[in-house]
Amino acid sequence: RIKDLGRSIFQRVVFESRPSNYVAAHLYVPKGVVVPAPAVIYVPGHGQRDGYHRHLVSYAAHGYVALNMPALGDEGKVGGGMGWSAFRARRGLG
């Protein structure tokens, strides 16, 4: 599911960092981006649980592709994105 943020788009993604190790992430892409493009990998620390969102929106609005890896457990929170259980179920992994 892609969400329009005005000057950029947002999408929840899952990638395989190594065999059988899936990582849920948030991807922010500037509209009209030309590749290759500058990118930021954003790894939030502890603190404002959802405060990181404004930083990533700003990066994307200024032409940077931004990838955020939410803190462990945040992706599966109520209202959050696709957690590990949902990912496994969608892929038929049990």
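Predicted, not measured: the structure shown is a model, and the values here were computed from it.

A. The arrangement of the side chain of S8 in detail. Inspection of the secondary structure assignment puts S8 in strand 2 (residues 8-18). When its relative accessible area of 1% is taken as the criterion, S8 is described as buried. If sequence neighbours within four positions are ignored, S8 has contacts with K3, V29, P30, K31 and A60.

B. Structural context of helix 1 (residues 53-61). Taken together, the buried positions of helix 1 are occupied by L56, A60 and A61. Buried residues along helix 1 cover an arc of 135 degrees about the axis, so they all sit on one side. Trailing helix 1 by a residue or two, G63 shows a phi angle of about 95 degrees, which is positive.

C. The arrangement of the environment of I41 in detail. Residue position: I41 is located in strand 4 (residues 39-42). The exposed category is assigned to I41, whose relative accessible area is 60%. The spatial distance from the C-alpha of I41 to the C-alpha of V65 is 8.6 Å, given a sequence separation of 24 residues. In this structure I41 touches L67 and M69, once residues within four positions along its chain are discounted.

Rules of the game
Residue numbering note: each chain is counted from 1, following its sequence as written. The predicted origin of the model limits local features to residues at a pLDDT of at least 70 and limits the giving and counting of side-chain atom pairs to 80 or more, whereas totals for whole chains, interfaces and linings rest on all residues. Only hydrogens and water are set aside; all other atoms, that is, all heavy atoms of the structure, feed into the side-chain values. By definition, any uninterrupted DSSP run of H or I lasting at least four residues is a helix, any uninterrupted run of E lasting at least two residues is a strand, and each is numbered from the N terminus. A simple rule labels every residue: compare its accessible area, found with a 1.4 Å probe on the protein chains alone, to the largest value its type can have, and call it buried under 20%, exposed over 50%, or partly exposed in between. In this analysis, two residues are considered to be in contact whenever any of their non-hydrogen atoms come within 4.5 Å of each other. As used here, the arc is the angular range of directions from the helix axis to the C-beta atoms.

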